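Geometric and topological summary
Here is how the chains run, residue by residue.
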Amino acid sequence: MSPMLSMMGSSLRKTIRAFFAMMLVLAGIAVASAAAAQGSPEKRIALVVGNAAYQAGALPTPANDAGLIAQTLQAAGFDVIGARDLDQNGLRDAMRDFLTKANASGPDTIVFVYLAGYGVQYQGDNYFVPVDAQIANATDVPLQAVRTSDFTKSLAALNNRGSIVVLDAARANPFVQSNQPLAGGLALVDPDANQLIAFNAAPGTVAPQEAGPYGSYAHALAEMIRVGGLSLGDVFDRTRLRVSDLTKGAQISWNASKFNNAFTFFDRGPNAPAAQVSSYDNAAIRTKAIRDFDERDAYFAALDRDTMRGYEDFLAAYPNDPMARRVRAIMAARREAITWRETWVADTPEAYWSYLRRYPRGPHVWDARRRLEHFEAALEPPSSFTVIEYDVPPPPPPEIVYVDRRVLYFDDADFGYAPPPPVVFLAPPPPDFVVLEPPRSSVDLYVLPDPVFVPVQEWVEPPRDVAPPQNNIYFNNIHNTVVNNTTVNENGAAPTAPGLTTGQKLGAAAVIAGAGAAAMHVALPPSVQKKAAVLQKQTPAPAVKAAPATAPAVAPSVQPQTGNAAAHTLPGASGQPLPPAGKVPNNQGAPQAKQPLPPAGNTPAVKGQNQVAKTPAPQAAPSVKQNSVAAAPKPNAHGQPVNPATPPVVAKVPPKPNAVVNRQPQVGNQPHVAAAPPRHVNPPAAQPKPAPHVAVQQQAPAPKPQAQPRPQPQPRVVQQQAPAPKPQAQPRAQPQPQAKKPPPAPQKPPEKKKCGAPGLPACQ
């Protein structure tokens with residue numbers, strides 16, 4: 001038995017060992033798979049839309065704001081697609097394209113959506129308005145705008161790591177100017193699971209009008225995204241404080257979050273300076289009672305928490321503080337928004353009657369009545385009905401004054417101006433991010449503007465374990481000055497930025513020189529890109545590129561001012577610019593040149609030198625006749641009838657060879673003038689030899705009246721008529737024999753008079 005037992009014991013031990021070995025292998029596989037799952041890089045995608053060119057009235061900042069946010073997200077490793085000025089079809093197609101992309105990206109994807117433009121609320125839902133919307137009545141909203149809740153619920157159903165949806169759209173809109181208006185601002189909403197929703201202004205309020213180049217909310221959000229190490233909630237909490245700081249309390253942003261996963265846009269490097277708000281980040285100070293803060297810090301503590309309880313604690317501790325009226329207005333808007341949200345969720349006649357009893361002149365009165373009409377119920381609350389219970393108590397009397405208006409603004413001077421936040425709550429912005437340069441306006445269809453990139457602070461590092469898109473110039477150069485490819489091509493160098501060394505600037509320029517323009521711009525959604533291609537084919541490309549082409553083309557703007565000088569500055573280019581300059585005076589002054597042909601008729605007979613003589617001849621004659629007829633020297637000053645090409649030539653020809661002037665193509669253009677003078681050669685032929693010199697002398701004083709505005713043609717005429725008798729005696733030999741024949745006739749009579757001379761016979 002003992003051997004058998006020993007054998008059984010050995011086999012049992014082997015079985016146990018094999019079992020544990022298998023378990024270890026399975027455990028190793030599970031750990032490896034979990035590690036592989038945890039080690040998979042995070043993907044980041046974003047959709048950015050900026051609608052500004054509305055048919056109902058253009059907005060100055062949304063397109064620029066979208067470009068700024070898109071660039072900031074690119075630096076944070078997001079694969080961004082975006083567009084500007086989308087109509088309804090383009091907007092719906094872009095959202096559909098993005099949902100397809102998000103679905104294909106996988107479960108390790110973070111989604112960011114930013115919509116800037118006009119937003120409206122209608123019956124409890126928020127709508128983003130396309131640029132071609134025509135909303136005359138409230139019932140037009142669902143037909144003309146895009147409901148954002150449909151889009152956010154589709155994102156939440158993708159089962160990714162989380163989604164962030166930002167609506168920079170709470171503005172005073174020009175729609176529905178009737179006696180049944182829409183409620184102002186955006187409606188309070190509840191985010192879906194693992195989602196954050198943010199507004200540029202608190203529900204029921206609107207942001208003030210801003211001239212730009214960027215809105216306060218986009219500016220503040222871009223600044224806080226660039227701060228390394230901030231959690232997602234801290235980014236939007238500090239954005240609210242910065243927006244209040246930039247607008248002096250006129251705008252209070254809002255966000256609600258159910259985002260559960262840890263997320264940071266940028267990482268905080270080891271060389272980061274000591275956090276100035278470290279005490280604020282402590283959980284103890286966030287749970288500190290409002291009454292334990294002093295008056296100034298208590299307001300910012302309540303604003304940072306942005307809860308009804310925090311605002312109530314502030315009013316209880318400091319009811320007479322200058323910020324008390326502002327806090328009451330914030331509470332009034334929030335209470336009414338919560339009341340309406342719960343009314344809309346209940347969606348019963350009793351719920352709408354309950355709202356109307358609490359807010360008989362509230363901003364959602366017409367929404368409640370429209371829903372009662374839908375239920376075919378009485379528009380006014382009956383004497384008895386079941387009042388629903390709200391999570392917030394009815395408004396106290398001091399709040400009613402704030403909600404008895406359709407739109408609530410926080411920029412009212414009665415609320416007082418909020419002071420800047422203490423450093424313990426919010427550090428001052430980086431010096432190079434206080435004033436941002438306006439972006440270059442995009443000339444391509446639907447393409448977002450490209451702002452001038454401001455380097456991220458040196459202690460901020462790119463996010464780890466992120467798979468950025470290929471050729472992401474901003475992500476790979478967050479500490480360098482990155483500029484548009486068009487800027488480099490046009491200016492030849494990147495603009496300077498404070499705090500950068502020469503090496504960094506040269507490195508940035510080299511980076512951009514080697515990068516394509518496509519890597520610098522935000523890619524269009526596929527459907528929008530196809531639409532842009534079709535429109536560009538229908539519309540000639542020069543029509544779109546006319547604006548940028550005219551900017552660098554300085555020559556056309558200079559030529560009208562100094563047309564002759566500009567035309568004669570290119571005599572070496574085959575003389576092409578010169579003929580138009582010569583033809584203009586000939587065409588314009590042709591009828592005037594025919595009148596002075598008799599005095600100029602002696603000069604055009606010779607082609608070599610009379611070109612110079614031709615120019616003063618028309619100047620002399622028109623100067624007398626135009627001044628007498630038009631009685632204004634301006635035509636002569638502009639040179640329209642006086643051959644404007646000559647004065648600039650005189651100024652430029654002396655330092656350059658005169659042969660260029662003698663070889664002017666005007667020789668070929670003025671045979672018409674040379675052909676006319678021979679008709680008048682006979683009248684001056686009766687004049688003796690000195691007649692040409694006398695004619696020159698008469699022409700010389702003739703330009704003297706014009707010698708004041710154009711003194712240079714006179715010496716030119718004299719200089720080139722002086723050499724005329726020297727070498728060109730041969731060309732003038734033809735008129736000289738004709739002039740010599742008349743002298744022998746008068747010489748014969750003196751020979752006959754010799755008969756009466758002394759020593760000769762007397763004349764009979």
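Anyway, here's the lowdown on the structure attached to this text. (Residues numbered from 1 in each chain as written. Predicted model: local features only at pLDDT ≥ 70, side-chain atom pairs only at ≥ 80, totals over all residues. Heavy atoms only, no water.)

Right, let's get into the overall build of the protein chain. On a plain count of helices and strands, the protein chain comes out with 38 helices and eleven strands. Contacts in the protein chain between residues at least 24 apart in sequence constitute 75% of all its contacts with a sequence separation of at least 6. Counting only carbon and sulfur atoms, one obtains 58% of the accessible surface of the protein chain, whose full area is about 37,400 Å². (Helix = DSSP H or I, 4+ residues; strand = E, 2+ residues; numbered from the N terminus. Contact = heavy atoms within 4.5 Å. Areas by Shrake-Rupley, 256 points an atom, 1.4 Å probe, with all protein chains shown as cover.)

The next subject is the nonpolar core. Leu73, Phe78, Phe112, Ile164, Phe236, Phe265 and Phe314 are the most contacted members of the largest nonpolar core, which totals 129 residues. It is helix α12 (residues 324-346) that contributes the most residues to this core, ten residues altogether. Contact partners of phenylalanine 112, with chain neighbours within four places excluded, come to Ile45, Ala46, Leu47, Ile69, Leu73, Phe78, Phe98, Ile164, Val166 and Phe265. Residues Leu59, Val129, Ala138 and Leu182 belong to the second largest nonpolar core, which totals 16 residues. (Core = buried A, V, L, I, M, F, W, Y, C linked by side-chain atoms within 4.5 Å. Buried < 20%, exposed > 50% of the residue type's maximum accessible area, 1.4 Å probe, protein only.)

Below, the discussion takes up the pairing of strand β8 (residues 195-199). Regular strands show a simple pattern: their side chains alternate between the two faces of the sheet. Judged by how many residues are buried, β8 sits mostly within the fold: five of five residues are covered. In this structure, strand β7 (residues 162-168) lies alongside β8, joined through five bridges in parallel fashion. Opposite isoleucine 164, over in β8, you have leucine 196 as the bridge partner. In terms of strand pairing, β8 meets strand β9 (residues 254-257) through four bridges, oriented antiparallel. Bridging from a neighbouring strand, phenylalanine 199 pairs with tryptophan 254 of β9. (Pairing = 2+ DSSP bridges.)

A separate point is the packing of aromatic side chains. If you walk through the whole model with that rule in mind, you get 22 aromatic pairs. With 4.7 Å between their ring centres and 40° between their planes, phenylalanine 199 and tryptophan 254 make a pair best called tilted. Here tryptophan 254 lies in strand β9 and phenylalanine 199 lies in strand β8, a separation of 55 residues in the sequence. When sorted by exposure, phenylalanine 199 lands in the same class as tryptophan 254, which is buried. Through successive ring pairs, a cluster of aromatic residues spans Phe293, Tyr299, Phe300, Phe314, Tyr318 and Phe425. Note that arginine 369 overlies the ring of tryptophan 366, its terminal NZ or CZ placed 5.0 Å from the centroid. (Phe/Tyr/Trp six-rings, centres within 6.5 Å; stacked < 30°, edge-to-face > 60°. Lys NZ or Arg CZ within 6 Å of the ring centre and 35° of its normal.)

A word on empty space enclosed by the protein. Taken as a whole and assessed by the stated rule, the structure comprises eight cavities of 30 Å³ or more. Computed from the structure, the largest cavity encloses a volume of approximately 130 Å³. Thr61, Arg171, Ala207, Pro208 and Glu210 are the residues nearest the centre of the largest cavity, which is lined by 16 residues in total. A per-element tally of the lining of the largest cavity places helix α6 (residues 216-225) first, with three residues. (1 Å grid on protein atoms, 1.4 Å probe; cavity = no way out; pocket = protein on both sides within 12 Å on 5 of 7 lines; lining within 4 Å. Points joined across faces, edges and corners; volume = space filled by probe spheres on them.)

By the burial criterion, the buried members of helix α14 (residues 365-374) are Val365, Asp367, Ala368, Arg370, Arg371 and Leu372. Summarising the contacts, the buried residues of α14 are in contact with β4 (119-122), α12 and α13 (349-358). Following α14 by one or two positions, glutamate 376 adopts a phi angle in the positive range, close to 55°.

Right, let's talk about the environment of arginine 370 for a bit. Take arginine 370: it is sitting in helix α14. What makes arginine 370 buried here is its relative accessible area of 12%. Taking the C-alpha atoms as reference, arginine 370 lies 9.9 Å from tyrosine 352; in sequence the two are 18 residues apart. For arginine 370, the contacting residues outside a window of four places in its chain are Tyr122, Gln123, Ala138, Gln180, Pro181 and Leu182.

This paragraph deals with the sheet that holds strand β2 (residues 79-84). Adjacent strands of a sheet form backbone hydrogen bonds with each other and so pair up, either parallel or antiparallel. Spatially, β2-β1-β3-β7-β8-β9 is the arrangement adopted by the six strands of the open sheet, whose pairing is mixed. Of all strands in the sheet, those bounded by a partner on one side alone are β2 and β9. Along the sheet, successive strands turn relative to each other by an average axial angle of 10°, direction set aside. Pairing of strand β1 (residues 43-50) with β2, which is carried by six bridges, proceeds in the parallel orientation. Within the sheet, the bridge partner assigned to valine 48 lies in β2 and is glycine 82. Packed on one face of the sheet, helix α3 (residues 88-105) meets β1, β2 and β3 (109-116) and runs near 175° to β1. (Axes fitted to C-alpha atoms, helices over the stretch in contact; angles between N-to-C directions.)

One pass over the structure, following the stated rule, counts 25 salt bridges. In this structure, the salt-bridge partner of arginine 161 is glutamate 42, at a minimum N-O distance of 2.8 Å. Here arginine 161 is found in the loop between α5 (148-156) and β7, whereas its partner glutamate 42 is found in the loop between α1 (2-39) and β1, with 119 residues between them in sequence. A relative accessible area of 6% means that glutamate 42 is categorised as buried. For arginine 147, the salt bridge identified is with aspartate 150, shortest N-O distance 3.2 Å. By relative accessible area, arginine 147 is classed as partly exposed at 32%. According to the relative accessible area criterion, aspartate 150 is partly exposed, its value standing at 39%. (Salt bridge = Lys/Arg side-chain N within 4 Å of Asp/Glu carboxyl O.)

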